[in-house]
Amino acid sequence: MMRILPAILLTASVFAIQPAYAQDNKAKKEQADEGEDLLDMLDEENGKKGKEYTTATFKTSRVVNGHSIENTAAGVLDFKVNHRFGELKGGASTFFGLDNANTLIGFDYGITDWLMIGISRSTYQKEFLGFTKVKILRQTDNKGGMPLSVSYYGAISAQAMPAPVLPPGAEFHFSNRLFYVNQLLIARKFNKWLSLQLMPTHIHYNLVPTTAEPNDVIALGVGGRLKLSNRVSLNAEYYYRFNELNGYFNSLSLGLDIETGGHVFQLMLTNANAMTERAFIGQTTSDWADGGIHFGFNISRVFTIVKPKEFKSSNTNKW
Amino acid sequence: MKRIVMVALFSAFAYGASAQKYITRTGKVSFFSSTPVENIQAVNNEAGAVLDSKTGDLVFQTAIKSFKFEKALMQEHFNENYMESDKYPKADFKGKITDISKVNFAKDGKYDVVSTGKMTIHGVTKDVTIPGTVTVKGNQATLNSKFKVKPQDYKINIPKLVENKIAKEIEVTVNSILEKK
């Protein structure tokens, strides 16, 4: 018994000393280090967390004329007022094109995070348009995650010009006024400063001027943005047509996104004077080489219609 | 003899049992900016926190992108322009509840405590002292705190144009339920 007791006391004292020693050791470390241990523990927990989607590939839902990979957020209404003025080469007598303007007024709405719809009316051939944009793949920030974002954009539009004078016996149907656009938007945000996008596009014209011209135009667009500062970015967009309607040019646009509080202003120089895809991709009438450059702008103002769930009960100012 | 062995063993276990960690990754951290022009509120329900109930070591971590705003555009601006969340994805606090001994984790109750440590926001680290409460209920410890943060202190640049819409001092509220692990 007397022999065993010291042994037990020794064991007990080892247990007693150990925490004291551990504490001592810990005290020597920097306080931040102690924090690191706990942070590691958190990171372990966070490892179970899901993916993080890349955000702000573009500042707004348009690159310049065409759509970007960005959607209007869920529950948000985006009111658009877009202008394209006349050709700069009109000179002083047309106030460098500012005497004439094509206008587009539109409303975009985000139904969910991945689905948005929109309607618009624009001056060029009095066109009404409805579209939907759906996110299919989303780029993630996680290592080994999805490298690209892919969206589908589809639009149907109708021009509302007076019916043309036709030979007797020929009828002009409503369907002759319609255009269809199918587009894939494939984008990657390479870093904070650079995002690039490819836009394979199919446009169907129900009516074309001559039988020799195609009803279906296929084009590939390339677009991108270079961020100049937190609030300003330089955008560019070019659409190459693999087949074409007679007398039109490929559209090339350079734009500047400027963001102030609740607005994004997009200022641009482009050879397209219309703002719907069927018109600016397939039916651009001006040529950069010939000085056929239009100044234009897009103004976007957003309104929160449905609050995120975290704010359902809050009564802060709605607008 | 047997009794002594039991006591020795028991004391060893008792030590092991007392080093408890409380943890959450669904903590709630919100902030509120109030000016005559506009009130801005953001909520983060994915804050991570670990508290060592023995030493009082406390760590809080929030992903900047997880702050939700009422207005989506504001959330984008918050990330893109003010917090630069690509560059500084997280804000955290590493420190200690200095008077952790006041808290009896074995007994339900509410205890006023003070924590000191380092707060890192927007890549800038500052020494801070923050009062708060620990509420013990069964296996849960709820941390509550309210404190002010000046964006200027953390080199968060606010342009003149929106100066009157963003408060000079932003009130941060912490309300996180930590579970014993």
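Residues numbered from 1 in each chain as written. Chains lettered and ligands numbered in written order. Predicted model: local features only at pLDDT ≥ 70, side-chain atom pairs only at ≥ 80, totals over all residues.

K.L.:
Would you mind showing me how to read the overall build of chain A here?
P.N.:
Secondary structure summary: chain A contains three helices and twelve strands in total. The 319 residues of chain A split such that 33% are buried. (Helix = DSSP H or I, 4+ residues; strand = E, 2+ residues; numbered from the N terminus. Buried ≥ 20, exposed ≤ 12 C-beta atoms within 10 Å, placed from the backbone.)

K.L.:
Would you explain the overall build of chain B in this entry?
P.N.:
Secondary structure summary: chain B contains two helices and nine strands in total. Its helices and strands in sequence order give chain B the pattern α-β-β-β-β-α-β-β-β-β-β, from N to C terminus. For chain B, contacts bridging at least 24 residues in sequence account for 57% of all contacts bridging at least 6. (Contact = placed C-beta atoms within 7 Å.)

K.L.:
Explain helix H2 (residues 72–82) of chain B to me, please; I cannot follow it from the model alone.
P.N.:
Residues spaced three or four apart along an α-helix face the same direction, because each turn holds 3.6 residues. Residues Ala72, Leu73, Met74, His77, Phe78 and Tyr82 of chain B constitute the buried set of H2 of chain B. Buried residues along H2 of chain B sit against strand S1 (76–87) and strand S12 (294–304) of chain A together with strand S2 (39–52) and strand S4 (68–69) of chain B. Backbone geometry just after H2 of chain B places Glu84 of chain B at a positive phi near 45°.

K.L.:
In this structure, what is going on with the sheet that holds strand S7 (residues 194–205) of chain A? I would like to understand it.
P.N.:
Adjacent strands of a sheet form backbone hydrogen bonds with each other and so pair up, either parallel or antiparallel. Residues and elements named next belong to chain A. Taken in spatial order, the twelve strands of this closed barrel run S1-S2-S3-S4-S5-S6-S7-S8-S9-S10-S11-S12, and their pairing is antiparallel. Geometrically, the sheet is characterised by an average inter-axis angle of 20° between neighbouring strands, direction not taken into account. Pairing analysis gives nine bridges linking strand S6 (residues 178–189) to S7, with the strands arranged antiparallel. Counterpart to Ala187 in the pairing with S7 is Gln197. (Pairing = 2+ DSSP bridges. Axes fitted to C-alpha atoms, helices over the stretch in contact; angles between N-to-C directions.)

K.L.:
Is there a simple way to think about the nonpolar core in this case?
P.N.:
Nonpolar side chains tend toward joint burial in soluble globular proteins. Among the nonpolar cores identified, the biggest contains 44 residues, and Ala49, Val50, Leu51, Val59, Phe78, Ala141 and Leu178 of chain B are the most heavily contacted of them. Setting aside its immediate chain neighbours within four residues, Val50 of chain B contacts Leu38, Met41 and Leu42 of chain A together with Lys21, Ile23 and Val59 of chain B. (Core = buried A, V, L, I, M, F, W, Y, C linked by C-beta atoms within 7 Å.)

K.L.:
Can you walk me through the environment of Arg231 of chain A in this structure?
P.N.:
Residue and element names in this part refer to chain A. Within the element layout of this structure, Arg231 appears in the loop between strand S8 (216–227) and strand S9 (232–241). By C-beta crowding, Arg231 is classed as partly exposed, having 17 other C-beta atoms within 10 Å. Remark: the alpha-carbon pair of Arg231 and Glu277, spanning 46 residues in sequence, is separated by 27 Å.

K.L.:
Just checking my understanding: could you explain the environment of Pro147 of chain A for this structure?
P.N.:
Inspection of the secondary structure puts Pro147 of chain A in the loop between strand S4 (127–137) and strand S5 (149–159). Residue contacts for Pro147 of chain A: discarding those within four places in its chain leaves Gln139 and Arg188 of chain A.

K.L.:
I'm lost on the pairing of S5 of chain A in this one. Help?
P.N.:
Two faces, one strand: in a regular strand the side chains alternate between the faces of the sheet. As defined by bridge partners, S4 of chain A adjoins S5 of chain A across ten bridges and the pair is classed as antiparallel. If you follow Lys133 of chain A over to S5 of chain A, its bridge partner there is Tyr153 of chain A.

K.L.:
Can you help me understand the pairing of strand S10 (residues 251–260) of chain A in this one?
P.N.:
Residue and element names in this part refer to chain A. Only one face of S10 is buried, namely the one carrying Ser251, Ser253, Gly255, Asp257 and Glu259, since none of Leu252, Leu254, Leu256, Ile258 and Thr260 on the opposite face is buried. Two elements, S9 and S10, share eight bridges in a ladder whose sense is antiparallel. Pairing of Glu237 across the sheet is with Ser253, part of S10. Relative to strand S11 (residues 263–270), S10 runs antiparallel, the two being bridged by eight bridges. Bridging across to S11, Leu256 finds its partner in Leu267.

K.L.:
Can you walk me through the environment of Phe174 of chain A in this structure?
P.N.:
Counting through the fold element by element, Phe174 of chain A comes out in the loop between S5 and S6. Along the backbone, Phe174 of chain A and Ala163 of chain A are eleven residues apart, and their C-alpha atoms lie at a distance of 9.4 Å.

K.L.:
Quick question: what am I supposed to make of unusual backbone geometry here?
P.N.:
Apart from glycine, the bulk of residues carry a negative phi angle, and the bulk of peptide bonds sit in the trans form. Residue and element names in this part refer to chain A. The phi dihedral of Phe96 falls on the positive side, at around 55°, and the residue is not glycine. Along the chain, Phe96 turns up in the loop between S1 and strand S2 (101–110). Positioned with a positive phi, Lys126 is a non-glycine residue whose angle comes to about 45°.

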